[in-house]
Each structure stands twice: as structure tokens, then as C-alpha cells.
Amino acid sequence: MPAYATSMRLKFPIVALALEIITIILFAVFVIYDDGKGHKSSEHSNNTHEEPPMMLYPMFQDVHVMIFIGFGFLMTFLKRYGFSSVGVNLLLAAFGLQWGLLMQGIWHLDEDGKIRVSIFKIINADFSTATVLISFGAVLGKTSPVQLLIMTVLEITIFSINEHLVATVFEANDVGASMIIHAFGAYFGLIVARVLYRPGLKNGHENDGSVYHSDLFAMIGTVFLWMFWPSFNSAIAEPGYTQLTAVINTYLSLASCVLSAYAISSLVEHKGKLDMVHIQNATLAGGVAVGTCADMNIGPFGAMLIGLVAGIISTVGFKYLTPILASHLGIQDTCGVHNLHGMPGILGGLAGIIAVALGKKKGSAAMQAAALASSLGFALVGGAVTGLIMKLPIWGQPPDQNCFDDSIYWEVPAEEEENEESLAHADHSKNKAEV
């Protein structure tokens, strides 16, 4: 492992402020307030924005909570990486939503060449940040804040191209973004993790695990995400009964998913005990998997069936597939995003293809398949290019021995180290690569 200069004193302020200044200049040139005039069709739906301008604000609040609390706390399971999990999540989301507004808006400029900011557009900007936060989970603990800012710029740019292709060119249905957010973000992050593979971590790391209280903090993220996921999947659906359908389908898929995740966790674990990693993550897979066909008339039982299958494949993935990816393919997936977002995202894409083929929603099954292929293709190629750029030894990445440790980039209270050492015996490393 080469020796890296991990000091952030110049690197981080220069990169962060440069990106923000560039963004402010671009906002000055292109971005104005939404005044209700001169709108074109939106990127995800046929919504004409004739509804009151604040009608979607409650949905926006729910999505915002998911991005900043849900994703942030879900990643606090690592015993010595809580500051970074929540703190860097805030950093990436705050920059990502600004960059997302620009990158998505470029494809939908008004006649005067401006991007008009509405609640609808800031919901979509939040969605764009979700891709980065999913990918962040794959490389959690092994990257510097500067590397992650670089990833944010590149990933949201690539995401916006794929999103435009899927929604506008293919005219595919993906209201809950199983394909364009979850599958894309997961496989983008997995390829970045593969490019940044660390041979020194193939046998694990002492801090790559949880303790009792860190798992409890992570469950806060799980519960927030679980509660608000119906809003995530329905926020950009057509208003009215279509939006109601998306809420109900997500609500039922999530509930069904919890039962299958708990059941399979007990089935595959020693003496039938439940594994907290499965409960933190696999219980959310139903929300991911039902996303593409959330607004389709698949029937309440159809949504529940999707959730049931998602919970099973996600739990089995955490138990058996994550170690295989690490040992055989060199993909060190810290948070198991392949199991929560990757496989359920593909399941959602396949369910969408079947639902459209059965006439549950207007569209083309071939275009649905093209959307899934496009999302995976952009993720794999974009992730490889981004990973190669992030691998340059100039971004302050941590050496192997300092991975999964806040103290390399944060001021950590002195007593925290003593407390963590006293809790070391409670370490129950899980959801990690073991050879």
C-alpha cells in the first residue's frame, strides 16, 4: 500500500470551496425562481405543474428526511465511524442537491435557457443525491472526503445523462427509481469499490464491525427510511389516484418485506437468532423493489409479493453473497449495498418489464428492458472511470490501518477511544467480507 498524505488542511478546503464557487457561478447564470410561467413537461412524469406551487412540499420534507437522517444514520453501524457516516453524508447530500439541480436542469431548460426551481425540481435534486449516498455505502470507511466530493460531481453528472435517456428518450416507467437510482447507485459504487480494492483488507479490519450502541443508531436510519419510503416512491407520480396507488403499493411491499426478512434471518443464523444487519437493511428492500411499478395497477397482492421476494433475496445476499463478492471478485462492499439496492433494484426493473408487458401501465416492455440495461451500463462504465480518478494518490485517502476510523479526518473526543476499547469484546462483525 503506497503511503498517502492524509492531511485535509489544504486539499479539502480548496476542493470544497472551488466546487461551491463554481456551482454558485452556474446558478447565477442559469437558475431562477419558479414563477409558474413557461414550464415544459417535467423529467419524470406528465405533470404539468398546474397544481398549487407548495402542494408537493410535504412529500419533499419526507424525502429530505430520508436523505439526511435515513441514509446518514443507516451507515452508523461501524463502531468507530459514526462521525463520518452522518457528517460526510450531510456534506455529500448538501453539495449533491445543488449539483443535481444543475445537471438535471440542463436537460430541461425553458425557452429562455433558464432552470426554474420548483418543489418538483428540488425533490428530483434530492433523488440525484440518493445515488451518491448509495455508492458511498459501498466504499464507506475506505475513502477521504475529497475523494467522495469528486465522486459526487462525476456520479450525479453521469446519473443525469442516464435519467434523461430513460425518462425522455426511452419513455420508460420508473416512478420509484428502482433502476435509475437504486440499481445505478449500487453498481456504480460496487465498481468504484472494486477499482479501489485494498488487498490489505481482504482478511478484515478490527474496526470493520459494530457494537451494541452503533447498531442501535443504525436502526434509527432504518426506521426513518421505512416510514417515509412511500413518499419517496410516490413524490413524482401523477397527482390523484395514481399517486395514491404508489403510496399503497410501497406501504404493503415494505410491510411484507419485513416478515420475509425476519423469517429468513432467523432461518440462516445460528440457533434461529436474528441478525441486526439483516433487520437494518433487508427490511427496506421492499421499498426498493416495488419502485418501478409503484404507480402501476399490480394489485395489493402484487406489491406484497414483490416485497416478500425482495426481503428473501436481500437477506440471503447479506448472509452468503457479500463474502463471495469480497473473496472471489475483490468487491469490498462495506454496507452491503448490493443486497439492499442492487439486487432489489434489478428485481424492481424486471417486475416493471413484466407489469408493462401485462398491460398494467402504458408503455413498452422493450423500453423498460432498455432502461434497466442503460442504468446498469452507465453504472458499470461510469463507476470504473470514477474509480480510476479516485484512485489517484492525491486525494488524501486513508492507509489500510486507518480505515473505518473517524480519527484520521475528525477531531474525536479522547474518552471515545477508551470507551470503544472497553466495548471491543462486544464486537459482532457482520455484513462484511470474510475469507
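Source: prediction; values computed, not measured. (Residues numbered from 1 in each chain as written. Predicted model: local features only at pLDDT ≥ 70, side-chain atom pairs only at ≥ 80, totals over all residues. Heavy atoms only, no water.)

Draft legend 1. Structural detail: empty space enclosed by the protein. Applying the stated criterion across every chain, the model contains four cavities of 30 Å³ or more. Lining the largest cavity are 13 residues, with Leu74, Met75, Cys335, Val337 and His341 sitting closest to its centre. Broken down by class, the residue content of the lining of the largest cavity amounts to nine nonpolar, four polar and no charged. (1 Å grid on protein atoms, 1.4 Å probe; cavity = no way out; pocket = protein on both sides within 12 Å on 5 of 7 lines; lining within 4 Å. Points joined across faces, edges and corners; volume = space filled by probe spheres on them. Nonpolar A, V, L, I, M, F, W, Y, C, P; charged D, E, K, R; others polar.)

Draft legend 2. Spatial organisation of the side chain of His164. Mapping His164 onto the fold places it in helix α5 (residues 145–169). The residues touching His164, leaving out its near neighbours within four places in the chain, are Trp107, His108 and Val169. (Helix = DSSP H or I, 4+ residues; strand = E, 2+ residues; numbered from the N terminus. Contact = heavy atoms within 4.5 Å.)

Draft legend 3. Representation of the packing of helix α1 (residues 11–30) against α5 in the model. Closest axis-to-axis distance for the α1/α5 pair is 9 Å, and the angle between their directions is 25°. The orientation of α1 relative to α5 falls into the category roughly parallel. In this structure, the crossing between α1 and α5 has a hand that is left-handed. Taking contact as the criterion, the partners of Lys11, Phe12, Val15, Ala16 and Leu19 in α1 are, on α5, Pro145, Val146, Leu149, Ile150 and Val153. (Axes fitted to C-alpha atoms, helices over the stretch in contact; angles between N-to-C directions. Parallel < 35°, antiparallel > 145°, perpendicular 65-115°, else oblique. Left-handed = near helix turned anticlockwise from the far one by under 90°.)

Draft legend 4. Structural context of unusual backbone geometry. Phi is positive for Glu171, close to 55°, though the residue is something other than glycine. Looking at where Glu171 falls in the secondary structure, it is placed in the loop between α5 and α6 (178–195). Located in the positive-phi region is Ala177, a residue other than glycine, with phi close to 60°. By secondary structure assignment, the location of Ala177 is in the loop between α5 and α6.

Draft legend 5. Region of the structure containing a nonpolar patch on the surface. A surface patch of nonpolar side chains, about 470 Å² in accessible area, is lined by Leu305, Leu308, Val309, Ile312, Val316 and Tyr320. You can see Ile312 is positioned in helix α11 (residues 300–328). Residue classification places Ile312 among the partly exposed residues on the basis of a relative accessible area of 32%. (Patch = residues over 30% accessible without salt bridge, like charges linked within 9 Å, V, L, I, M, F, W, Y side chains within 5 Å. Areas by Shrake-Rupley, 256 points an atom, 1.4 Å probe, with all protein chains shown as cover. Salt bridge = Lys/Arg side-chain N within 4 Å of Asp/Glu carboxyl O. Buried < 20%, exposed > 50% of the residue type's maximum accessible area, 1.4 Å probe, protein only.)

Draft legend 6. View of the packing of aromatic side chains. Scanning the entire structure with this criterion turns up nine aromatic pairs. Aromatic side chains Tyr57 and Phe60 sit 5.6 Å apart centroid to centroid with 40° between the ring planes, which places their arrangement in the tilted category. Here the residue Tyr57 and the residue Phe60 both occupy positions in helix α2 (residues 57–74), the gap between them amounting to three residues, near one helical turn. With a relative accessible area of 9%, Phe60 lands in the buried category. In this arrangement the basic side chain of Arg194 is found over the ring face of Tyr197, its NZ or CZ atom lying 5.4 Å from the centre. (Phe/Tyr/Trp six-rings, centres within 6.5 Å; stacked < 30°, edge-to-face > 60°. Lys NZ or Arg CZ within 6 Å of the ring centre and 35° of its normal.)

Draft legend 7. Representation of the environment of Val88 in the model. As for its position among the elements, Val88 is in helix α3 (residues 82–106). Placed 57 residues apart in sequence, Val88 and Pro145 show a C-alpha to C-alpha distance of 6.9 Å. Residues within four places of Val88 in sequence aside, it is in contact with Phe83, Phe136, Leu148 and Trp410.

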